[in-house]
Amino acid sequence: MELCNQLHFFVKYKVSTDPLYQNLETVVLTDGMVPGEGEHKMLDYIRQLRLKDTYDPNTRHCFYGADADLIMLSLLTHEPHFTIIREEHIVRK
């Protein structure tokens, strides 16, 4: 619960103080209190956006995650501008 509170605080803080965030059209935060896997929640959001008459097909999406299924799910959207940032895992022995 504390992590959820901190994430909400961070987004509110950035939107109110950071010029880069102030120019964003939308910031979506679904934390652990919203059921479902993160990548599925994000893809559902994108699908809902695409149904709107005002949807811009040049909208850019960026996902951050290490799940392999994230790549496949993003390909299934058929969105032309999709970036995935994957974290490299370093295993030290």
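Going by the structure above, here's the rest.
For clarity, every value in this text was computed on a predicted model and none was experimentally measured. (Residues numbered from 1 in each chain as written. Predicted model: local features only at pLDDT ≥ 70, side-chain atom pairs only at ≥ 80, totals over all residues. Heavy atoms only, no water.)

**Brief notes about the pairing of strand 1 (residues 61-64)**
Using the following cut-off: For every residue, the accessible area obtained with a 1.4 Å probe (protein chains only) is divided by the maximum for its type, and the residue is called buried under 20%, exposed over 50%, and partly exposed between those limits. Helix numbering and strand numbering both begin at the N terminus, where a helix is a DSSP run of H or I of at least 4 residues and a strand a DSSP run of E of at least 2. Between any two strands, at least two bridges found by DSSP are needed for them to pair. Here is how to tell: hold the view so the strands point away, follow the path from the first strand over the helix to the second, and if it runs clockwise the crossover is right-handed.
Of the two faces of strand 1, the one holding His61 and Phe63 is buried and the one holding Cys62 and Tyr64 is not buried anywhere. With 4 bridges connecting them, strand 1 and strand 2 (residues 82-85) associate as parallel partners. Each residue of the ladder has a partner; that of tyrosine 64, found in strand 2, is isoleucine 85. The parallel pair strand 1 and strand 2 is bridged by helix 4 (residues 69-76), and the resulting crossover is right-handed.

**Side note on the nonpolar core**
Note the cut-off: Among the buried residues, those of types Ala, Val, Leu, Ile, Met, Phe, Trp, Tyr and Cys that are joined through side-chain atoms within 4.5 Å form a nonpolar core. Note on contacts: a residue pair is in contact if any heavy atoms of the two residues lie within 4.5 Å.
Membership of the largest hydrophobic core is limited to 6 residues, which are Leu43, Ile46, Phe63, Leu70, Leu73 and Phe82. Among residues more than four places away in sequence, those in contact with leucine 70 are Glu39, Phe63, Tyr64, Gly65 and Ile84.

**Digging into the packing of aromatic side chains**
We apply this condition: Here a Phe, Tyr or Trp ring, Trp counted by its six-membered ring, pairs with any other such ring whose centre lies within 6.5 Å, and the pair is stacked when the planes are under 30 degrees apart, edge-to-face when over 60, and tilted otherwise.
Summed over all chains, the structure comprises 1 aromatic pair. Geometrically, the ring pair formed by phenylalanine 9 and tyrosine 13 is stacked, given 6.2 Å between the ring centres and 15 degrees between the ring planes. Placement of the pair is phenylalanine 9 and tyrosine 13 together in helix 1 (residues 2-17), with a separation of 4 residues, close to one helical turn.

**A few points about the pattern of salt bridges**
We apply this condition: In the sections that follow, a salt bridge refers to a side-chain nitrogen of Lys or Arg positioned within 4 Å of a carboxyl oxygen of Asp or Glu.
Under the counting rule described, the total for this entry stands at 3 salt bridges. Here arginine 47 ties to aspartate 44 by a salt bridge, and the two come within 2.7 Å at their closest N and O atoms. With arginine 47 and aspartate 44 both in helix 3 (residues 38-50) and 3 residues apart, this pair spans about one turn of that helix.

**Some points on helix 4**
Inclusion rule: Here the arc refers to the directions that run from the helix axis out to each C-beta atom.
Looking only at helix 4, the buried set comprises Leu70, Leu73 and Ser74. Down the axis of helix 4, the sector holding all buried residues measures 100 degrees, keeping them to one side. Exposed residues on helix 4 whose side chains face more than 90 degrees from its buried face are Met72, Leu75 and Leu76. Against the buried residues of helix 4 lie helix 3, strand 1 and strand 2. Taken from the residues just after helix 4, histidine 78 is the one with a positive phi, measuring 60 degrees.

**Some words on unusual backbone geometry**
Of note, the phi angle at histidine 78 is positive, near 60 degrees, even though the residue is not glycine. With respect to the helices and strands, the residue histidine 78 is situated in the loop between helix 4 and strand 2.

**Some remarks on a nonpolar patch on the surface**
Which entries qualify depends on this criterion: Within the patch definition used here, like charges are joined within 9 Å and nonpolar side chains (Val, Leu, Ile, Met, Phe, Trp, Tyr) within 5 Å, considering only residues with over 30% relative accessible area and no salt bridge. In this description, accessible areas are obtained by the Shrake-Rupley approach with a 1.4 Å probe, and a residue is regarded as covered only by the protein chains that are shown.
On the surface, Val15, Leu24 and Val27 cluster together into a nonpolar patch covering about 220 Å² of accessible area. By the secondary structure assignment, valine 27 is in the loop between helix 2 (19-22) and helix 3.

From the geometry alone we can't say anything about function, so treat these as descriptive.
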